[in-house]
Amino acid sequence: MYKPLDDEMFKLPTLELAKKLIGCYLVHEIDGVRLVGRIVETEAYQGPEDKAAHSYNLRRTKRTEVMYHEPGLVYTYQMHTHTLINVVSGPVDVPHAVLIRAIEPVEGVERMRKNRGKKFRDKDLTNGPGKLTKAMEITMDYYGHDLRKKPLYIAEGKPEGEIASSTRIGIQNSGEAAHYPWRFFEKGNVFVS
């Protein structure tokens with residue numbers, strides 16, 4: 001039912017990939033259960049010229065190392081105790097990535113609710129990068145994982161509405177990069193953060 005994306009999709013230029021991921025499915029198969037969310041919001045980060053990117057000015061650390069590898073790998077990092085998931089993009093040695101900011105739950109929703117451990121409106125289940133990884137049981141262990149392979153992969157899909165863009169969220173201290181319109185989202189979707 002869910003067909004993993006092919007190499008060519010991940011090789012698209014970063015801004016194009018960030019748009020094309022809208023409507024695709026993030027799939028995590030774990031303990032005989034399939035957790036699935038339709039991607040409804042992304043942000044593009046184009047180091048080394050993007051001051052908001054972890055790899056700005058070709059910063060190469062243990063944390064950013066995977067961004068210098070082939071596109072389609074997972075770049076996870078932690079922020080305020082939350083794990084965030086990115087798709088490595090760009091050619092080898094060009095450290096770009098696309099942050100998955102929000103998903104619309106599709107399958108395994110009850111388990112996602114249990115994973116989040118709170119009672120709240122459904123629209124708040126996965127409407128943020130830390131919320132979606134907790135709901136989908138995505139941990140730092142996936143750092144460097146190939147998103148074309150199980151148990152965690154991105155599958156083909158299409159947006160259900162118009163794709164809009166805006167400035168990225170939470171990067172106010174990054175100079176002119178704070179104004180780049182590199183956030184993409186499905187207009188009107190209640191799961192957008």
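Residues numbered from 1 in each chain as written. Predicted model: local features only at pLDDT ≥ 70, side-chain atom pairs only at ≥ 80, totals over all residues. Heavy atoms only, no water.

S.K.: Quick rundown of the pairing of strand S3 (residues 74–79)? Include the residues and the values.
M.R.: By the bridge criterion, six bridges tie S3 to strand S4 (residues 82–89) in an arrangement that is antiparallel. Within S4, the position partnered with Thr76 by the bridge is Ile85. The loop that links S3 with its antiparallel partner S4 comprises two residues; one of these, His80, has a positive phi angle of about 50°. (Pairing = 2+ DSSP bridges. Helix = DSSP H or I, 4+ residues; strand = E, 2+ residues; numbered from the N terminus.)

S.K.: An account of the layout of surface pockets is requested, with residue identities and associated values reported.
M.R.: Its boundaries defined by the atoms lining it, the largest pocket holds a volume of some 430 Å³. Residue lining of the largest pocket: 24 residues in total, with Tyr77, Met79, Leu84, Leu99 and Ile169 positioned closest to the centre. Put simply, the parts of the chain that give the lining of the largest pocket at least two residues each are strand S2 (33–46), S3, S4, strand S5 (96–107) and helix H4 (129–136). (1 Å grid on protein atoms, 1.4 Å probe; cavity = no way out; pocket = protein on both sides within 12 Å on 5 of 7 lines; lining within 4 Å. Points joined across faces, edges and corners; volume = space filled by probe spheres on them.)

S.K.: Give a detailed account of the packing of helix H3 (residues 109–116) against H4, specifying residues and quantitative values.
M.R.: Direction vectors running N to C along H3 and H4 enclose 115°, while the axes themselves pass 7 Å from each other. Judged by the angle between their axes, H3 and H4 are roughly perpendicular. The two elements H3 and H4 meet at a crossing, and its hand is right-handed. Across the interface between the two elements, Met112, Asn115 and Arg116 of H3 pack against Lys131, Lys134, Ala135 and Met136 of H4. Of the residues assigned to the contact of H3 with H4, the class counts are three nonpolar, one polar and three charged. (Axes fitted to C-alpha atoms, helices over the stretch in contact; angles between N-to-C directions. Parallel < 35°, antiparallel > 145°, perpendicular 65-115°, else oblique. Left-handed = near helix turned anticlockwise from the far one by under 90°. Contact = heavy atoms within 4.5 Å. Nonpolar A, V, L, I, M, F, W, Y, C, P; charged D, E, K, R; others polar.)

S.K.: I'd like a description of the packing of aromatic side chains, backed by residues and values.
M.R.: In this structure the tally under the stated criterion is four aromatic pairs. Arranged with centres 6.4 Å apart and planes meeting at 75°, the rings of Tyr75 and Tyr143 form a pair that is edge-to-face. Pair noted here: Tyr75 is in strand S3 and Tyr143 is in the loop between H4 and strand S6 (152–155), with a separation of 68 residues, a long-range link. Grouped by ring-pair contacts, the aromatic residues Tyr75, Tyr77 and Tyr143 constitute a single cluster. Cation over ring: Arg60 sits above Tyr68, and NZ or CZ is 4.2 Å from the ring centre. (Phe/Tyr/Trp six-rings, centres within 6.5 Å; stacked < 30°, edge-to-face > 60°. Lys NZ or Arg CZ within 6 Å of the ring centre and 35° of its normal.)

S.K.: Kindly report on the nonpolar core, identifying the contributing residues and their values.
M.R.: Across soluble globular proteins, nonpolar side chains have a tendency to be buried as a group. Residues Leu26, Ile39, Val87, Ile100, Leu152 and Ile154 are the most contacted members of the largest nonpolar core, which totals 32 residues. Breaking this core down by element, the ones donating at least two residues are helix H1 (7–10), helix H2 (14–20), strand S1 (25–30), S2, S4, S5, H4 and S6. With 14 residues, the next largest nonpolar core counts Tyr45, Ala53, Tyr75 and Ala97 among its residues. (Core = buried A, V, L, I, M, F, W, Y, C linked by side-chain atoms within 4.5 Å. Buried < 20%, exposed > 50% of the residue type's maximum accessible area, 1.4 Å probe, protein only.)

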